[in-house]
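Residue-level structure breakdown
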Amino acid sequence: PLVFFDLETTGLEIIQLAAVSGGHSLNLYVVPRCRIERGAARVTGFKVRGQRLYLDRRLVFTNSLREVVVSFIAFLQMLGRPLVVGHNIDCPLLARALDELDLRAQFEGSVLGCVDTLPLARELLRDRGLQSFGQENLVRELLGINYKAHDALEDVRALKTLFGFLQPTAEVVHRHMFTLDTLDS
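Scoring rules and cut-offs
Position numbers for residues start from 1 in each chain and track the written sequence from start to end. Per-residue local features of the predicted model are confined to residues with pLDDT of at least 70, and side-chain atom pairs are confined, for both listing and counting, to 80 or more; whole-chain, interface and lining totals are unaffected and use all residues. The basis for the side-chain values is all heavy atoms of the structure; hydrogens and waters are excluded. UniProt positions are given in the numbering used here, feature names are shortened, and annotations may be inferred rather than shown by experiment. Stacked, edge-to-face and tilted labels apply to pairs of Phe, Tyr and Trp rings (six-membered ring for Trp) whose centres lie within 6.5 Å, assigned for plane angles under 30 degrees, over 60, and everything in between, in that order. Strands here mean DSSP runs of E at least two residues long; helices mean DSSP runs of H or I at least four residues long; both are numbered from the N terminus. Exposure classes here rest on a 1.4 Å probe applied to the protein chains alone. A residue is buried below 20% of its type maximum, exposed above 50%, and partly exposed in between. In our convention, an over-ring charge means Lys NZ or Arg CZ found within 6 Å of a ring centre and within 35 degrees of that ring's normal. For two strands to be treated as a pair, DSSP must find no fewer than two bridges joining them. Each reported salt bridge corresponds to a side-chain nitrogen of Lys or Arg within 4 Å of a carboxyl oxygen of Asp or Glu.

The name an unreviewed UniProt entry gives the protein chain is exodeoxyribonuclease III, with Poecilia mexicana as the organism. Its UniProt record, at the heading Cofactor (unreviewed entry), says of the protein chain: "Mg(2+)". The Catalytic activity (unreviewed entry) comment attached to the protein chain in UniProt states, word for word, "Exonucleolytic cleavage in the 3'- to 5'-direction to yield nucleoside 5'-phosphates."

Considerations on the packing of aromatic side chains
In this description, a pair of aromatic rings is defined by centroid distance and the angle of the planes. Within the structure shown, the criterion is met by four aromatic pairs. Residues F4 and F163 carry aromatic rings whose centres are separated by 5.5 Å and whose planes lie at 65 degrees to one another, so their mutual orientation is edge-to-face. Taken together, the residues F4 in strand β1 (residues 2-9) and F163 in helix α7 (residues 152-166) connect sequence positions 159 residues apart. Assessed through its relative accessible area of 10%, F163 is described here as buried. Taken together, F5, F72 and F107 form an aromatic cluster joined through their ring pairs. Sitting above the plane of the Y54 ring, R49 keeps its charged end 5.5 Å from the centroid.

Considering the UniProt feature "domain: Exonuclease" (unreviewed entry) in the protein chain
With numbering matched to this structure, UniProt assigns "domain: Exonuclease" (unreviewed entry) to residues 1-172. The span residues 1-172 is 41% helix and 23% strand, and its two end C-alpha atoms sit 16 Å from each other.

Here's the deal with the sheet that holds strand β5 (residues 52-55)
Overall, antiparallel pairing links the three strands, which are arranged β4-β5-β6 in an open sheet. Both outer strands of the open sheet, β4 (46-49) and β6 (58-59), are each paired with one neighbouring strand and no more. Pairing of β4 with β5, which is carried by four bridges, proceeds in the antiparallel orientation. When the bridges of β5 are listed, K47 appears paired with Y54.

Structural notes on unusual backbone geometry
Even without being a glycine, D56 presents a positive backbone phi close to 50 degrees. Relative to the helices and strands, D56 resides in the loop between β5 and β6. In this structure, N88 takes a positive phi of about 55 degrees despite not being glycine. Residue class for N88 comes out exposed when judged on its relative accessible area of 53%.

Structural notes on the pattern of salt bridges
Evaluation of the coordinates by the stated rule reveals seven salt bridges. For K148, the salt bridge is made with D56, and the minimal N-O distance between the two is 3.3 Å. With K148 in the loop between α6 (135-143) and α7 and D56 in the loop between β5 and β6, this pair connects stretches of sequence that are 92 residues apart. For K148, a relative accessible area of 38% translates into the label partly exposed.

Shown next as structure tokens:
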């Protein structure tokens, strides 16, 4: 099984984690401990006031980072060691959160591996003359769809559609597979 996944961050910490697989979805928010960088706030629409997280001026329900990561691991386990697919995945940030919470081994045992569709798309679409391989651009250019990018749930839904369009072979997917441990080495 495939799980499409995305993070929105302050630049240093996870603010939103979303995942979609088949008809299942997960969308969770965290109040960051550090300040949201101005550029990240402008791009994502997130702001923190009085230990409350707002998205586009609307209060959002939040969980602790541990609750979010444990829920994500449970979601992955429910699907039976899926392949985690993301576009330009912020793996160092995910790995740091997993290490900080002592959950890396549990995460690694819950997934087959990870695939970043950015290098995968570059390989599959190298002859298309595209200016950018950013997900928002690929979705617009290839699928003719504009969507609310930088909302993790919207990003994963768009990525799932994009991946279906790309139809990478098992060989191409395997070539782009990695684990968090292989990133460290």
